[in-house]
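Structural description and commentary
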Amino acid sequence: MTVKYKTVITKAGAEKLAAASVPNGKKVNFAAMAVGDGGGKLPEPNASQTKLVNEVWRHALNKISQDKKHKNYVVAELVIPPETGGFWLREMGLYDDTGTLIAVGNMAESYKPELAEGSGRAQTLRMVIMVSDIETVELSIDTTLVMATQDYVDDKLAEHEQSRRHPDATLKEKGFTQLSSATDSTSEALAATPNAVKAAYDLAKGKYTAQDATTKQKGIVQLSSATDSTSEALAATPKAVKAVNDDLTKVKESLGTAAKADVVTSMTDTTAGRVPVTGWHGLGGVAPRTPAVASNNYDNIPADLPSGFWTHAIAGGPYAYTFTLYQDGGAVRQSRHLIIPSDPNGKIAFRWDGASAAGKDYQYFYTDKNKPSATDVDAVSASQGGTFQKGIAVKGNGAAVALWPLADGQSTYLLGKDYNGDNVFYVGRGGANYHVSLFNYKGGTGLVLGEDGSISVTTANGRAVNVSGPMKATGEIQSSNANSFRIAYGNYGVFWRNDGNNHYLMLTNSGDQYGGYNNLRPFSVSVASGKVSLGHGLSVNGGITGSGQFVPSDYGNFDSRYYTKAQSDAGYMAKTGAYTKAESDGRYPLKTATVIDVRQGSPGTIVLKRNGWNYVPGGCAFTGWYVEGDAPVDDTIQYKPMQININGAWRTISG
């Protein structure tokens, strides 16, 4: 059966473990473990890896240990706490203290939720690797960075229960002690058993018969530290006596001169220097009632009331209660009232008497029965809306701000306005569909992330989409316009055009790089037949090869070095009357170095090197490129030498 889940030592890890095995070699110190989602699929661990496919979380190891059964197995443990999550687990990597990936493995796919999603758990991951020598690795970690697992706590508790590593009890410290039933021992390190206590008690009881003390006779009496007992059979301890004396001292100190002062004579007695009693101005008793009034308006509460608790009524009974403070301001005596309505739906208020020209000033408590408006507290109403006058900042982990429609099919977006209240931009869902848009009202430009997975960019007035860096695509770049893919550089513009019949390379006039095309048609391809046309001459620096026939439309285009067919027929006899080679050689001298054919020789290769020019040998033509990896370094270039046939002999062109 094929192994699906496994762990491998990386090449870098193998090198470090090997280096640690030599004398005086540095041990490998495992420090951290990382987990990843594999880029969306279960990865295959590879010894050449230097990192995870897609790392999502990394933390210091919780535990590193030697396997109890297999002495050359190292067990690394990582704990992911409940508050961390929101990702898939498909791969894990073990790193040393220098950040080198020592081992990499995959695991059964699982989703790690975070508490904010409504579910959370602490998840423990263990990676087991086999080493040739356990001494090559450091089995210690920074314990200040770890989290105790349940298994670890259980193991430590079990170990503690079985141990005897506990201090003995002394006269000054708690601890373990040995029991003893001896009744004649003077030891201060042993504890008496109930058996020893009973033996001593029985011995004492047999030697003396005692009688209880009463208020009329002497005898044995039981001590008591209670200060609230009425017993006449118990004796007070010095502790009880001291407690009562301390309480009396505190009372004496708290009364001061009040112990010698007169008490008030009525609930409304305000004579200076008198001591209040329970019920005075409502203190400790029923609050006195002021005369009934015609309405329950708070203005009807009398002014200049003495300090205390008061009840205020109308014909039907109490309508409010006050705690009144009568302020002596010298020449001005004013009252302050805390007003509590008898109706639980009424308003709680403070009233100042005589503090202003109005005579009575109020401040009201905000409660669930008297809620402030958004204007009252300089706020924006959740139900009525409003406008923030200054910037706001929102911090959070996850959806810190959520836009939620009131009903299905409604739009939700952020709208930006200028100082005059005109729309400037919006971001969000602008209609019943699920497109997400970014739109600029001023420029008429927009970006739409379609619910079908498409991305649309809208510009106004023929304006371009400017990209300052390179653009890369793994799929086709498609255009529905006849003119596409323009290059504007220098004084000219160059672009492709497909008019439905032919595909052209089009050119602009000088200085009009972004304008229309001119009359030049240097290159075109028939989209029906694939026939290529060159409209303005062809300059070739190398040979032209082909399997088809070259048929000029006008042989007069050849220069004076060549005969036309008519000239050749008129000047030379037919093939049936041709000269023999000997006759031709005897009649006409050979021309020097006449090239009669061209071909390519056997291929050769070079490997591209970094930071310098790479050349094929002189006289050779580039014929192929073997691409290896993401960068061109170490790629292989193939070339072939050019050969010519001079007077029947093949020669290789040198550089």
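Residues numbered from 1 in each chain as written. Predicted model: local features only at pLDDT ≥ 70, side-chain atom pairs only at ≥ 80, totals over all residues. Heavy atoms only, no water.

Focus: the overall build of the protein
Looking only at helices and strands, the protein has six helices and 33 strands in total. Sorting the 655 residues of the protein into buried and exposed places 21% on the buried side. A separation threshold of at least 6 residues defines the contact pool for the protein, and within that pool the share at least 24 residues apart is 40%. Counting every atom, the protein has about 47800 Å² of accessible surface; 53% of that belongs to carbon and sulfur. (Helix = DSSP H or I, 4+ residues; strand = E, 2+ residues; numbered from the N terminus. Buried < 20%, exposed > 50% of the residue type's maximum accessible area, 1.4 Å probe, protein only. Contact = heavy atoms within 4.5 Å. Areas by Shrake-Rupley, 256 points an atom, 1.4 Å probe, with all protein chains shown as cover.)

Some points on the sheet that holds strand S25 (residues 492–498)
As summarised here, the arrangement of the five strands in space is S24-S25-S26-S27-S28, forming an open sheet in which the pairing is antiparallel. On the outer flanks of this sheet lie strand S24 (483–489) and strand S28 (532–534), each paired with one strand and no other. Recorded for the sheet is a direction-independent mean angle of 15 degrees between the axes of neighbouring strands. For S25 and strand S26 (residues 502–507), the ladder comprises five bridges, and the chain directions are antiparallel. (Pairing = 2+ DSSP bridges. Axes fitted to C-alpha atoms, helices over the stretch in contact; angles between N-to-C directions.)

A closer look at the environment of Val131
Position of Val131 among the secondary structure elements: in the loop between strand S8 (123–130) and strand S9 (137–138). On the basis of relative accessibility, which here comes to 4%, the residue Val131 falls in the buried class.

Thoughts on the pairing of S25
Here S25 shows a buried face lined by Gly493, Phe495 and Arg497 and an unburied face lined by Tyr492, Val494, Trp496 and Asn498. Here S24 hands over to S25 after two residues, with Gly490 in that stretch at a positive phi of 70 degrees. The turn linking S25 back onto S26 is made up of three residues, and Gly500 within it adopts a positive phi angle of 95 degrees.

Notes on the environment of Leu438
Assignment of secondary structure puts Leu438 in strand S21 (residues 436–440). Separated by 25 residues in sequence, Leu438 and Tyr413 have C-alpha atoms that sit 9.5 Å apart. Apart from the residues lying within four places of it in its own chain, the contact partners of Leu438 are Tyr426, Val427, Thr445, Gly446 and Leu447.

Focus on the nonpolar core
The biggest cluster of nonpolar side chains holds 24 residues, and the ones touching the most others in it are Phe30, Met33, Val35, Leu94 and Ile129. Elements with a minimum of two residues in this core: helix H1 (11–20), strand S2 (28–36), strand S5 (73–80), strand S6 (87–96), strand S7 (101–112) and S8. Residues contacting Leu94, with those up to four places away along its chain left out, are Phe30, Ala32, Met33, Leu61, Ala76, Thr100, Leu101, Ile102, Ala103, Met127 and Ile129. In this structure, Ile301, Tyr319, Ala320 and Ala349 belong to the second largest nonpolar core, which totals six residues. (Core = buried A, V, L, I, M, F, W, Y, C linked by side-chain atoms within 4.5 Å.)

Comments concerning the pattern of salt bridges
On inspection of all chains with the given rule, the structure shows eight salt bridges. For Asp246, the salt bridge goes to Lys242, with nearest N and O atoms at 2.8 Å. Of this pair, Asp246 and Lys242 are both found in helix H4 (residues 238–255), four residues apart, which corresponds to roughly one turn of the helix. We classify Asp246 as partly exposed; its relative accessible area is 30%. On the basis of relative accessibility, which here comes to 51%, the residue Lys242 falls in the exposed class. (Salt bridge = Lys/Arg side-chain N within 4 Å of Asp/Glu carboxyl O.)

Let's talk about the layout of surface pockets
Approximately 1000 Å³ is the volume found for the largest pocket. Taken together, 23 residues make up the lining of the largest pocket; nearest its centre are Arg463, Ala464, Val465, Ser479 and Phe485. Of all the elements, S24 adds the most residues to the lining of the largest pocket, at five residues. Of the residues that constitute the lining of the largest pocket, the class distribution is 10 nonpolar, 10 polar and three charged. (1 Å grid on protein atoms, 1.4 Å probe; cavity = no way out; pocket = protein on both sides within 12 Å on 5 of 7 lines; lining within 4 Å. Points joined across faces, edges and corners; volume = space filled by probe spheres on them. Nonpolar A, V, L, I, M, F, W, Y, C, P; charged D, E, K, R; others polar.)

Comments concerning the side chain of Arg497
Residue placement: Arg497 occurs in strand S25. Asp499 provides the closest opposite charge to the buried, salt-bridge-free Arg497, at an N-O distance of 5.3 Å. Looking at Arg497, its side chain comes within polar contact range of the side chain of Asn483, at 2.9 Å. With near-sequence residues (within four places) excluded, Arg497 lies in contact with Ala482, Asn483, Asn502, His503, Tyr504, Met506 and Tyr517. (Lys, Arg positive; Asp, Glu negative; His and termini not counted. Polar contact = N/O pair within 3.5 Å; in protein donor to acceptor, adjacent residues only side chain to side chain.)

Quick notes on the sheet that holds strand S19 (residues 412–417)
Overall, antiparallel pairing links the five strands, which are arranged S19-S20-S21-S22-S23 in an open sheet. Each edge of the open sheet is held by one strand with a lone partner, namely S19 and strand S23 (455–458). Strand-to-strand twist of the sheet, defined as the mean angle between neighbouring strand axes without regard to direction, takes the value 10 degrees. Here strand S20 (residues 423–429) pairs with S21 via four bridges, running antiparallel.

A short note on H4
Residues three or four positions apart in an α-helix share a direction because the helix packs 3.6 residues into each turn. Look at H4: 26 Å from first C-alpha to last across 18 residues, which is about the 26 Å you get at 1.5 Å a residue. Across the 18 residues that make up H4, only a small minority, one, are buried. Positive backbone phi, at 60 degrees, marks Gly256, one or two positions downstream of H4. (Expected span 1.5 Å × (residues − 1).)

Some words on the packing of aromatic side chains
Tallied over the full model, the rule gives 12 aromatic pairs. Relative to Phe365, the ring of Phe350 has its centre 5.4 Å away and its plane inclined at 40 degrees; by these criteria the two rings are tilted. In this pair, Phe350 sits in strand S17 (residues 349–353) while Phe365 sits in the loop between strand S18 (360–364) and S19, placing the two residues 15 residues apart along the sequence. With a centroid separation of 5.2 Å and 55 degrees between ring planes, the pair formed by Tyr413 and Tyr426 is classed as tilted. (Phe/Tyr/Trp six-rings, centres within 6.5 Å; stacked < 30°, edge-to-face > 60°.)

Brief notes about the pairing of S8
Only one face of S8 is covered, namely the one carrying Gln123, Leu125, Met127 and Ile129; the face carrying Thr124, Arg126, Val128 and Met130 has none of its residues buried. Sheet topology note: the S5/S8 ladder contains eight bridges and is antiparallel. Within S8, the residue paired with Val75 across the bridge is Val128.

Thoughts on unusual backbone geometry
With a phi angle near 55 degrees, Asp378 is a residue other than glycine that sits in the positive phi range. Mapped onto the fold, Asp378 is located in the loop between S18 and S19. Within the chain, Phe485 stands out as a residue other than glycine whose phi angle is a positive 55 degrees. With respect to the secondary-structure elements, Phe485 resides in strand S24.

Describing H1
Among the residues of H1, those classed as buried are Gly13, Leu17 and Ala20. In a view along the axis of H1, the buried residues occupy a sector of 60 degrees, so they form one face of it. Every exposed residue of H1 that faces more than 90 degrees away from the buried side is listed here: Lys11 and Glu15. (Arc of directions from axis to C-beta.)

Structural notes on the environment of Gly398
Along the polypeptide, Gly398 turns up in the loop between S18 and S19. Separated by 281 residues in the primary sequence, Gly398 and Glu117 have C-alpha atoms spaced 9.6 Å apart.

A word on the confidence of the model for the protein
With 84% of its residues at a pLDDT of 70 or more, the protein has an overall mean of 82. No element of the protein has a lower mean pLDDT than helix H6 (residues 581–587), which averages 58, and none a higher one than strand S3 (residues 55–60), which averages 95. Counting contacts from residues 142–146, a segment whose pLDDT is below 50, to residues more than four positions away or on other chains yields five contacts. (pLDDT = per-residue confidence, 0-100.)

A closer look at the side chain of Arg90
With respect to the element layout, Arg90 can be found in strand S6. A polar contact of 2.5 Å, which involves the side chain of Arg90, links it to the side chain of Glu109. In contact with Arg90, other than residues within four places in its own chain, are Gly36, Asp37, Gly38, Gly40, Lys41, Leu42, Pro43, Asn106, Met107 and Glu109.

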